[in-house]
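# Descriptive structure summary
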Amino acid sequence: MSSRTSSWTFVLKRIGYSAVSLVGLSILIFVIARVLPGDPARLALGPRAPQSIVDALRAQLHLNDPIFVQYFYWIQGIFSGNWGISLFTQRNVILDVQEFLPATVELIMFAAIIDLVLAVPLGLVAGRFANSAVDNGVRVLSYLGIAVPSFVVAVLLQLSLGYGTNLFPVIGRLSQSATPPPTITGLYTIDSILTGNYADLADAIWHLVLPAFALALGPIAQEARIMRSAVVENLRKDYTLSEVSHGLPERTITLKYLMKPSLIPTITIYGLDISAQIANAFLIELIFNWPGFSRYGLNAMLSKDLNAIVAVVIVAGFMFAIANILVDIVVGYLDPRIRLQERSEE
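Described in the following lines is the structure provided in the data block. (Residues numbered from 1 in each chain as written. Predicted model: local features only at pLDDT ≥ 70, side-chain atom pairs only at ≥ 80, totals over all residues. Heavy atoms only, no water.)

A few words on the pattern of salt bridges. As enumerated under the stated definition, the model contains six salt bridges in all. A salt bridge links R91 to D96; the nearest nitrogen and oxygen atoms lie 2.4 Å apart. We classify R91 as partly exposed; its relative accessible area is 27%. With a shortest N-O distance of 2.7 Å, E106 and R173 are connected by a salt bridge. Taken together, the positions of E106 in helix α5 (residues 93-128) and R173 in the loop between α7 (150-163) and α8 (188-195) put the pair 67 residues apart, joining distant regions of the chain. In terms of burial, E106 and R173 fall into one category: buried. Linked by salt bridges that have partners in common, R91, D96 and E99 make up one network. (Salt bridge = Lys/Arg side-chain N within 4 Å of Asp/Glu carboxyl O. Buried < 20%, exposed > 50% of the residue type's maximum accessible area, 1.4 Å probe, protein only. Helix = DSSP H or I, 4+ residues; strand = E, 2+ residues; numbered from the N terminus.)

The following block contains the structure:
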């Protein structure tokens, strides 16, 4: 089997595993949503609605059918664009997903960029100069980043860089004077680039800085520590000592031979952190009045909006699966032994 065929087999296997996991997740969350106490039809129509109308809605939603029949109709609706009506917004849930998801994806993307740009260099420097003043400084910053909750960081950033100095906006995705770019992807930064509206691009990035940094600080601290530990461990390996004894420049050893293996555990945790943000970003979105999907999910849970809850969990699961596939591909690239091991098992 050629290397290219092996790589495609590796990727297709990951996609297959993720698809099976998503089907299992959809069954689990659908059953949980249906067995929870309360009548979804009554919740949708309110306590004063006549029973005859409630019964008609129950029949329309197939709530009187066995649960596996309900699941069949629900899956059929998913593929036909009918995700059910949200009690919170009173419209098809797919429209809510289309409206709110891009804002959260954009926020998480920028948090991921900040995370990667800061965590890897901090961990690399701390590991390369272990037990020095630099390492101790990074250690203190990491402990603070891990210990302080993201919503506290968000409030402190608002007070210090928003209300206190007016350096950054504290709410929303764009200034009130700005006109949102035509919707192509729903991500203001990408849409601004595609339409050539660079004033909106600068304004959107300006609004992203504080919430993205607040969201990224915890993962930065955690991944910097993991990167530092991996660097320290790899510095003791025979191949590193051999390269040092052969007189290779320190820069070459660090960037070419030390950084690559040290990235493997960091990238794994990085992917998990980023994919988890879609469900955990609701506090940041509330504080910055960010019209995102996580805040929509929180409102869905508070209002017992079953269709919206199921959609939020499925979308979060899908994003998690995508992130894991990408992480597996990157880790497989960084460590060919993983791909070769699967190849030998076939």
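So, on to the packing of α8 against helix α9 (residues 198-235). Where α8 contacts α9, the two axes come as close as 8 Å, and the packing angle between them is 165°. Accordingly, the angle class assigned to the pair α8 and α9 is roughly antiparallel. Pair α8 / α9 crosses with left-handed handedness. Where α8 approaches α9, its residues Y188, T189, S192 and I193 are matched on the opposing element by Y198, D200, L201, A204, I205 and L208. For the contact of α8 with α9, a count of residues per class yields seven nonpolar, two polar and one charged. (Axes fitted to C-alpha atoms, helices over the stretch in contact; angles between N-to-C directions. Parallel < 35°, antiparallel > 145°, perpendicular 65-115°, else oblique. Left-handed = near helix turned anticlockwise from the far one by under 90°. Contact = heavy atoms within 4.5 Å. Nonpolar A, V, L, I, M, F, W, Y, C, P; charged D, E, K, R; others polar.)

A separate point is the environment of F318. Along the polypeptide, F318 turns up in helix α14 (residues 306-334). For the pair F318 and N136, spaced 182 residues apart in sequence, the C-alpha separation works out to 39 Å.

To continue, consider the packing of aromatic side chains. If you walk through the whole model with that rule in mind, you get six aromatic pairs. The interplanar angle of 40° and the centroid separation of 5.5 Å between the aromatic rings of F30 and W74 together place this pair among those described as tilted. Taken together, the positions of F30 in helix α1 (residues 3-35) and W74 in helix α4 (residues 67-80) put the pair 44 residues apart, joining distant regions of the chain. Here F30 matches W74 in class, with each residue buried. Put simply, the rings of F30, Y71 and W74 pair up and form one aromatic cluster. The ring of Y188 has R173 lying over it, and the distance from NZ or CZ to the ring centre is 3.8 Å. Over the aromatic face of Y333 sits the side chain of K260, whose NZ or CZ is 5.2 Å from the ring centroid. (Phe/Tyr/Trp six-rings, centres within 6.5 Å; stacked < 30°, edge-to-face > 60°. Lys NZ or Arg CZ within 6 Å of the ring centre and 35° of its normal.)

Before going further, it helps to spend a moment on the environment of M227. Mapped onto the elements, M227 comes out in helix α9. By relative accessible area, M227 is classed as buried at 0%. As a C-alpha pair, M227 and L326 span 99 residues in sequence and 19 Å in three-dimensional space. Apart from the residues within four sequence positions on either side, M227 is in contact with V120, G123, L124, M259, S262, L263 and T266.

Running from N to C, α5 and helix α11 (residues 250-280) cross one another at 145°; their axes reach a closest spacing of 9 Å. Considering how the two elements wind past one another, α5 and α11 form a crossing that is right-handed. Here L101, T104, I108, A112, I113, D115, L116, V120, L124 and R128 of α5 come into contact with α11, specifically with E250, T254, L255, L258, M259, L263, I267, Y270, I274, Q277 and I278. Along the lines of polarity and charge, the residues of the contact of α5 with α11 split into 15 nonpolar, three polar and three charged.

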